[in-house]
Amino acid sequence: MKLISNIIRYINPVLVLMSGVMLFIFWRKYFAESLSYREQLQLFENTWIYFRKHLLFQGGLVVYLSEFFIQFFKFSILGVLIASALLMCLYYATFSFLEQVSTNRLNILFSFLPVFAYTLLLTNELYSLAGVFAFIITLLFARLFVCIKNFKKRYLAGIVLIILLYWFAGGAFIILGLLMVLSELIKSDKNALGRNLIFSVLLLSGMILIPLFARQFLFHDTLLQSYLSSAYYKVPVLFPLELKIVFLLFPAIVILSYLTKKLKLLSDSFKSLSSLILVLLVWCVLILATSHSETEIARYYGNMVYTENWDEIIAEAENGFPDNDEIHLAINLALAKQGKLTSHFFSIDNLKPVFHLPYQRRGMTPLIASDPYYHAGLINFSQMYAAESVSSTIDQKMPVRSAIRLAQTYVLNGQFSIAEKYLNKLKNSLFYRKWAKQTLQLIAAGEEELLKYDEWNTKKQFMLKEDFYYNKDQLHLAMIFLLRSNQSNHFAFEYLMLHLLLEKDFDSFLNYLRYYRNMEYVETPLYFEQALAYIETLRPGIIDAYSFVEVSESTIQHIQRYAMLYHTNNENDREKLKAEYANTYWYYLHFK
Amino acid sequence: MLILTGIIYILNRMKKQSYIFLLVLLLALSACKYRHNAFEVIGKNRMPDIFPVLHQATIPPNIAPLNFMLNDSCNSIEIELQTSEIFLVESFIGNKVKFSQKQWREILNQSSGDTLSITVYAIIDEVKHKYDPIHLYVAPEPIDDFLVYRLIMPGFQTWNEMGIYQRKLSTFDEKPILNSKVMPGTCMNCHSFAGKESEHMMLHLRENFGGTVIKTGDALKKVHTKTEQTFASAGFPYWHPSGKYIAFSINSVRQIFHAKGHVRAHALDMKSDMAIYNVEENDFFTSPVISSDESFEAFPCFSPDGETLYFVTAPAGELPRDQTEMKYSLVAVSFDPHTGRTGSRVDTLISARETGQSVSIPRVSPNGKLLLITQFDYGNFPAYNPEADLYLYNLETDDYYALDKVNSNDVESYHTWSSNSRWIVFSSRRRDGLYMDAWIAYIDEHGKGHTPFMLPQKDPEFLKHFMFSYNIPELVKSEVNLNPYDIAAVARKTEGEQAGYSISH
């Protein structure tokens, strides 16, 4: 009994602590990579001009605040911590307001409802973190409003707060207005009912008129955005049902709190304990019922490409992955970067040869799309895809990842004044400042100085010497151009040769083996051995003719056994063939 | 440390009112322009390295302040501004020179037809570095009051933010005519006016709520210009001076992207024809003279009297194979404004066969004497051809020459005349090879082009950070009285009228 009474006494801190931990687990386990990805979608500049720009549109302040915190999401653990802490702040702000309006033991439970709802919304990248700030400020404003005792001052403050909130947090001013009206109706005595009703009508009329006035005289925007602002949902023409529910949730919980207090059906202890259990239950359900979404896994691979963790990508791929083009692209890229594309491709189950993402007119061009071109040496195409990402973001923000890539490509192309535009923006960021400053210094010193650095020199060496036009269906030709420009372009060689093997184009494969010696492989790529061993069966003498590609005795023995199993009609042998040789080029040749 | 201790001591002794007084004083001091008494003057014997470049530019008497910045860092700048009537000295903190609009207007009012010299002193560590003076020539003729342009990121195929804006040239005021905020997901382009009058305007909308919006007086309508007989919607427009017709080229445009080099893309006109739209009757008319299978016709332009239609044409080719062989000639055909019909004889003004070059975007000066074109190696979209330059064709003497003082080593592309035929505004990539800027140049009574200058900005550093290009500059005499919401309402809420089509043989 004492334990229960202690729990009831400290229920709020206990719940906050436990919920914070649950939230942390939830984000860390299932959405850490998506949170981290949010950082790549913006370029937060620590300048007065950037801040002022945000103050010039409705909802801009909360957008600024969210961008400020999101810049720390670069480190996923910080992203998880910040998201969890903010959502717990939302709980506190809600609870604190509810307690002011209507003291009720169930307020704890009710205050968690917006947290649950917005947590779920934030798992979708289209919903903005700015919404959390907007709701917190709204609740603080609402609390301030109810705390003012003098009704004249309160009404005046209400109008000022509504206008301020509209400008700072956009659509949340609707919630504030509704909360003010409800609190007036709930808290006031019967004599003030008429006065409160007049205030409510005036307030609600003002809430309708403020955005109409603002869009006529202060800015131009769609009617929906004039009311809602860009602080909540990235698609400007939509106000999704889920978001509408969250908006309505705040006034709804005030009503719920008021009604359940009036009913007095349940004891306070029961209310407290049931709140505790229910809240914990919801967290448990959220954690246990959620699984890794395909998007989250794609973000995981995308983030590893961003940080160039090639070995980690390969190691992770060996454990399986969903059928997703961005993931296939990341794995192929990692294999090519590590020179393993022609020795490991078939050993990774279900890996498809996705070497680039085709241009799509609708939707945002994925940030990863420019990466394979950049690493291959196709600088203009890398620039094109990075620019396409910038031009196709839904919220019209500059993705920092694309800004870096654009700066790199302009530097490599010798277009320094354009590179400076991006570098100057990056110079104002917290985590890219150092790199941007160094690069600015290098380009100011000139190309000679630039080429002293490996980062630039290597890429420069691989750049094209001949021009051709982009053709998404003829990427292997681009690899041939790259090899003609630099016969040591290992990456291009890997992509080209695997493409030719997959196309079963042996003549071209043998033709381009002429670049093999330049690649200085430590070990002969397995699929080269297997391909030559196979071609030997069709054209005897090939292995001798291409003796510079060493075909091991073990490969010869394997193909003999493979041939034996392949030529029998025995079902068991077919099973053995699959079990033993599914990861070989021969199996691909015959069965895929 | 001693000073800091002193300040803290004084602050501790001050009352609240004194704090306010101190704050006001500090604010007042910081608002004042910086005055610096330098000890030493060093002559640099060279022009100052400023952005934007201004030296020897001819400027209109009604242009906004030509603010500029020194590219070298300095503590402050002192300038001596001198004409035959004026001499004044101004100081500015930092490396930017920003004139007050009122003062600048007064200077220009007194300098019409005169030379304006600006001597710059960069003050670094109490030393004045004196540069050779910048000379500006203030022409007596004003430029039209408003410039309309599209702002768009220089991307490849996609876009997410753009807008058509009007800028009052005597100030820095810019207003949207339509932008992506008001119409998200809609591409807007090819704004065009009849005879520099903002009363008659049109623009195309693509993708969401697509159509062509036409403004005649206060009336707005939306038209669907793709007909059964045409292979695409109407493209590049030119209004007849009467406001009754709009000549369009209908183009099938494809982009190609280069793997190497600074020229990252080219736009190919795979096929093009022309048609004349009757605004009142909502009907297209064409004839084999301006729409033929054997040739591509594009970029129409009516003469100011409305009796001649100029355009560019090239024999049909297969693209991209024949890309570098596509060279367009400048031709003219008569036009009867009463019947809305073209003549049957085509006169060649500039033959691509003779010049070995291609011409595009013909624009006749409002006085009917000069024809401004862009000339380049091949094709009819000069935006990605670095060799593209502006040329003038004298319609009275048939002289034809490059505007050497106006041109640069990079792209000069779209252009527009001022209604008094003395000013042109053109887009150019000369600053960095990528971003299109609006440049303004004076054309004197002999048809000679003078040194141009960039569209002035309040903050001279603005363009260094701005991520948008100035696209399709069009000068108009007065403000476009069109609310973005009105255009959006017509585009969204009306179905749009389907245009008709007829062919004469």
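A quick note: this is a predicted structure, and the numbers were derived from the prediction, not measured. (Residues numbered from 1 in each chain as written. Chains lettered and ligands numbered in written order. Predicted model: local features only at pLDDT ≥ 70, side-chain atom pairs only at ≥ 80, totals over all residues. Heavy atoms only, no water.)

1. A closer look at the overall build of chain B
Filter applied, for reference: Here a helix means four or more residues in a row that DSSP labels H or I, a strand means two or more in a row labelled E, and each is numbered from the N terminus. C-alpha atoms define the radius of gyration in this analysis, and the globule rule sets the expected value at 2.2 Å times the number of residues to the power 0.38. Note on classification: 1.4 Å probe, protein chains only; a residue is buried when its accessible area is under 20% of the maximum for its type, exposed when over 50%, partly exposed between these limits. Any pair of residues with heavy atoms lying within 4.5 Å of one another is described as a contacting pair. In these tables, accessible area is a Shrake-Rupley quantity obtained with a 1.4 Å probe, and a residue counts as shielded only by the protein chains included in the view.
Counting secondary structure elements, chain B contains six helices and 36 strands. Radius of gyration (C-alpha) of chain B: 26 Å, near the 23 Å computed for a compact globule of 505 residues. Judged by the C-alpha coordinates and their principal axes, chain B covers about 95 × 50 × 45 Å. Looking at the 505 residues of chain B, the share that counts as buried comes to 57%. The long-range share in chain B, meaning contacts at least 24 apart out of those at least 6 apart in sequence, stands at 58%. For chain B, the computed accessible surface area is about 21,100 Å², with 51% contributed by carbon and sulfur atoms.

2. Brief notes about the packing of aromatic side chains
What counts is decided by this rule: Two rings from Phe, Tyr or Trp (for Trp, the six-membered ring) form a pair when their centres are within 6.5 Å of each other. A pair whose planes differ by under 30 degrees is stacked, one over 60 is edge-to-face, and the rest are tilted.
Inspection of the entire model under this criterion finds 86 aromatic pairs over all chains. When the centroid spacing of 6.1 Å and the interplanar angle of 10 degrees are considered together, the rings of F145(A) and F199(A) count as stacked. Placement of the pair is F145(A) in helix α7 (residues 130–147) and F199(A) in helix α10 (residues 193–217), with a sequence separation of 54 residues. Each member of the pair F145(A) and F199(A) is classed as buried. Their ring planes at 65 degrees and their centres at 4.8 Å tell us that Y149(B) and Y470(B) sit as a pair that is edge-to-face. Of this pair, Y149(B) sits in strand β11 (residues 146–152) while Y470(B) sits in strand β34 (residues 469–476); the two residues are 321 residues apart in sequence, bridging distant segments of the chain.

3. Considerations on the pattern of salt bridges
Residues and elements named next belong to chain A. What counts here: Whenever Lys or Arg places a side-chain nitrogen within 4 Å of a carboxyl oxygen from Asp or Glu, that contact is recorded as a salt bridge.
Evaluated as defined, the whole model comprises 29 salt bridges over all chains. A salt bridge links E184 to R154; its shortest N-O distance comes to 2.6 Å. Placement of E184 in helix α9 (residues 172–187) and of R154 in helix α8 (residues 151–169) is noted, with a sequence separation of 30 residues between them. Accessibility assignment for this pair places E184 and R154 in one class, buried. A single salt-bridge network, built from bridges that share partners, covers E67, K234, D395 and K397.

4. Some thoughts on the sheet that holds strand β2 (residues 50–51) of chain B
All names here are of chain B. Where we set the bar: Strand pairing follows a simple DSSP-based rule, namely that at least 2 bridges must link the two strands.
If you trace the three strands from one edge of the open sheet to the other, you get β2-β4-β7, paired in antiparallel fashion. With one partner strand each, in any of the chains shown, β2 and β7 (96–97) form the two edges of the open sheet. Note that strand β4 (residues 68–70) and β7 share two bridges and pair antiparallel. By the bridge assignment for β7, F68 is matched with V97.

5. Some points on unusual backbone geometry
Note that the residue after F51(B), namely P52(B), is joined by a cis bond; omega there is -5 degrees. By the element assignment, P52(B) lies in the loop between β2 and β3 (58–59). Geometrically, the link from L319(B) to P320(B) is a cis peptide bond, its omega value of 5 degrees lying close to zero. Note that P320(B) resides in the loop between β23 (308–315) and β24 (329–336). Residues other than glycine seldom take positive phi values, yet E520(A) does so here, at roughly 50 degrees.

6. Re the confidence of the model for chain B
Any segment with low pLDDT has predicted coordinates that should not be analysed in fine detail. Quick reminder of the rule: The quantity known as pLDDT measures the predictor's confidence residue by residue, on a range of 0 to 100.
In this model, chain B carries a mean pLDDT of 91, and residues with pLDDT of at least 70 account for 92%. Scored below 50 in pLDDT, residues 1–36 of chain B shows 18 contacts in the model against residues more than four places distant or in partner chains.

7. Considering the environment of D305(B)
Residue and element names in this part refer to chain B. What counts here: Here a polar contact is recorded for every N or O atom pair within 3.5 Å, except that within protein the pair must consist of a potential hydrogen donor and a potential acceptor, and residues adjacent in sequence are included only if both atoms are side-chain atoms.
Within the fold, D305 resides in the loop between β22 (295–302) and β23. Sequence separation between D305 and S242 is 63 residues, and the spatial gap between their C-alpha atoms is 8.9 Å. Within the structure, the side chain of D305 is placed 2.5 Å from the side chain of S303, a separation counted as a polar contact. Reaching out from D305, the side chain makes a polar contact with the backbone nitrogen of E307 at a distance of 2.9 Å.

8. Thoughts on the environment of L496(A)
Residues and elements named next belong to chain A. With respect to the helices and strands, L496 occurs in helix α26 (residues 490–502). You can call L496 buried: its relative accessible area is 0%. Taking the C-alpha atoms as reference, L496 lies 61 Å from P251; in sequence the two are 245 residues apart. Leave out the neighbours within four places in its chain, and L496 touches H476, M479, I480, L483 and Y512.

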